[in-house]
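# Working through the structure, step by step
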Amino acid sequence: MSTHPIIAEDIRGVLSRTQALWPDLKGASVFITGATGFFGIWLLETLLAANREFSLGCRVIALSRDPGRFAAKAPHLAHDQAVTWLTGDVRDFAFPAGPVTHVIHAATESATNLNARDPQAMFDVCVEGTRRVLALASERKSHRLLFTRSGAVYGQQPPELSHVPEHFRGGPDPLDPKNAYAEGKRAAEFLCGLATADGRLSHAAIARCFAFVGPHLPLDVHFAIGNFIRDAINGGPIRVNGDGTPFRSYLYAADLAEWLVTILLRSTSRKAYNVGSEEAVSIRALAERVAAVAEQVWPARPRCDVTVSHSPQPGVQPSRYVPFCALAREELGLRVATSLDTAIQRTCLWHNSRS
């Protein structure tokens, strides 16, 4: 099995926009945690395509608890000759042999599932996993390290703040066990800052990631846009399980990969960068957007109905989870290359082709 045509086209676009970056990875050894997740699979697609396109001679070391399961899902990535698989848990994995010049720490658990089941374990995965990755990077004197963190570190975004910037100093309630994921991410960022401040690392940067859409996004978990696309593929109705008023924004997966690689190779050390789209859309409007795109994708089918389970409460301002990305734009030249409607369309087509 080779790269899916939609993803292959996306990756060609990423490589065309990032040609100046790749000489930095000539002969490099890149260690990736979370290599089989949504972020990881897009990073592997991008890194391995660049490795072939630009003859980098780059080695990728991928950490996974179950490489065999991933090989059944994406054999073209799992069996690429440039990839060495390391089986283990991010909290206590054995260090790989040989040099590690670059590190991407993208491992995480499902915040909703593990938070509800075992918030202590959720916190430990974030903190102890980061501690272990920092130890590897320090021992091997890695040149650059990227941590993919979460916009959850900001806590609840004030409704009057349309877009949250990196200098926002809010935070989650530390006494609420439901915030184990967010507090774990905050603590992991602190460990990263310590490691660069005391000289154990020469460079480390943070990508504070918001919400995304694209091929490989699960359709049956807690991602609203994934649920809407699932409903659309099934012919509707598209169900909004709430009042539809919260505002979110969505960056396409190929753009995400481009942003993460750019932050890895061009960021300022000890700096956090928001990663996401600034196009705010209400959940109800998002459901309508998915319905409209689905009508274009499948013109022979009736347009999907949109149902909203609750009415908005009078006088209650809608919640927001939308980043301000001026730092990435102005310092690193990053832009959104894929519109939301195109992102929805490509995700629908990819999932439909595999159903």
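Overview of the structure. (Residues numbered from 1 in each chain as written. Predicted model: local features only at pLDDT ≥ 70, side-chain atom pairs only at ≥ 80, totals over all residues. Heavy atoms only, no water.)

From N to C terminus, the chain includes 12 helices and 14 strands. For the chain, the C-alpha radius of gyration of 20 Å lies close to 20 Å, the compact-globule estimate for 355 residues. Considering only intrachain contacts with a sequence separation of at least 6, the fraction spanning at least 24 residues in the chain is 81%. Accessible surface, the chain as shown: approximately 15400 Å² in total, 51% of it carbon and sulfur. Charge separation in the chain, taken as the distance between the mean sites of 37 positive and 34 negative side-chain charges, equals 3 Å. (Helix = DSSP H or I, 4+ residues; strand = E, 2+ residues; numbered from the N terminus. Rg over C-alpha atoms; globule rule 2.2 N^0.38 Å. Contact = heavy atoms within 4.5 Å. Areas by Shrake-Rupley, 256 points an atom, 1.4 Å probe, with all protein chains shown as cover. Lys, Arg positive; Asp, Glu negative; His and termini not counted. Charge placed at Lys NZ, Arg CZ, Asp CG, Glu CD.)

It is worth spelling out the packing of helix α1 (residues 5–17) against helix α9 (residues 253–266) at this point. The N-to-C vectors of α1 and α9 enclose an angle of 30°; their axes lie 9 Å apart at closest approach. Considering their axes alone, α1 and α9 lie roughly parallel with respect to each other. You can see that α1 and α9 cross each other, and the crossing is right-handed. Of the residues in α9, those touching α1 at D10, V14 and R17 are A254, D255 and E258. (Axes fitted to C-alpha atoms, helices over the stretch in contact; angles between N-to-C directions. Parallel < 35°, antiparallel > 145°, perpendicular 65-115°, else oblique. Left-handed = near helix turned anticlockwise from the far one by under 90°.)

Looking now at the sheet that holds strand β9 (residues 247–248). Taken in spatial order, the three strands line up as β12-β9-β14 in an open sheet, and their pairing is mixed. What marks the edges here is a single partner per strand, and that holds for β12 (281–282) and β14 (320–321). As defined by bridge partners, β9 adjoins β14 across two bridges and the pair is classed as parallel. The partner of F247 across the bridge, within β14, is R320. (Pairing = 2+ DSSP bridges.)

Turning to the packing of aromatic side chains, a few remarks are in order. Scanning all chains against the criterion turns up nine aromatic pairs. With centroids separated by 5.5 Å and ring planes inclined at 90°, the aromatic side chains of F39 and F212 adopt a geometry described as edge-to-face. A residue pair is termed long-range when its members are at least 10 positions apart, and F39 in helix α2 (residues 38–53) and F212 in strand β7 (residues 212–213) qualify at 173 residues. Overall, F39 belongs to the buried group, its relative accessible area being 16%. Overall, F212 belongs to the buried group, its relative accessible area being 7%. (Phe/Tyr/Trp six-rings, centres within 6.5 Å; stacked < 30°, edge-to-face > 60°. Buried < 20%, exposed > 50% of the residue type's maximum accessible area, 1.4 Å probe, protein only.)

Moving on, we get to unusual backbone geometry. The omega angle of the peptide bond from G236 to P237 is -5°, so this bond is cis rather than trans. Within the chain, K141 stands out as a residue other than glycine whose phi angle is a positive 55°. Summarising the element assignment, K141 is placed in the loop between α6 (119–139) and β5 (144–150). One non-glycine residue, H216, lies in the positive phi region at around 80°. For H216, the position within the fold is in the loop between β7 and α8 (224–233). Residue H216 is classed as buried on the basis of its relative accessible area of 13%.

Scanning all chains against the criterion turns up 18 salt bridges. With its nearest N and O atoms 2.8 Å apart, the salt bridge here joins E189 to R208. A residue pair is termed long-range when its members are at least 10 positions apart, and E189 in helix α7 (residues 180–197) and R208 in strand β6 (residues 205–209) qualify at 19 residues. The two residues E189 and R208 agree in class, both being buried. What emerges from the salt-bridge pattern is a single network uniting E9, D10 and R346. (Salt bridge = Lys/Arg side-chain N within 4 Å of Asp/Glu carboxyl O.)

Within the secondary structure, A137 is located in helix α6. Between the C-alpha atom of A137 and that of A254, which follows or precedes it by 117 residues, the distance is 27 Å.

In space, the seven strands of this open sheet follow the order β3-β2-β1-β4-β5-β6-β11, with parallel pairing throughout. Single-partner strands in this sheet number two, and they are β3 (83–87) and β11 (271–275). When the angles between neighbouring strand axes are averaged without regard to direction, this sheet yields 20°. Strand direction decides the pairing type here: strand β1 (residues 29–33) and strand β2 (residues 59–64), joined by four bridges, are parallel. Within β2, the residue paired with V30 across the bridge is V60. Seen against the sheet, α7 touches β5 and β6 and runs at an angle of roughly 160° to β5. Along the sheet face, α9 touches β4 (102–105), β5, β6 and β11 and points at about 135° away from the line of β5.

Attention now goes to α8. Within α8, eight of the 10 residues are buried, leaving the element largely enclosed by the surrounding structure. G235, located one to two residues past α8, shows a positive phi value of around 95°.

Keep in mind that these numbers describe shape and distance, not what the molecule does.
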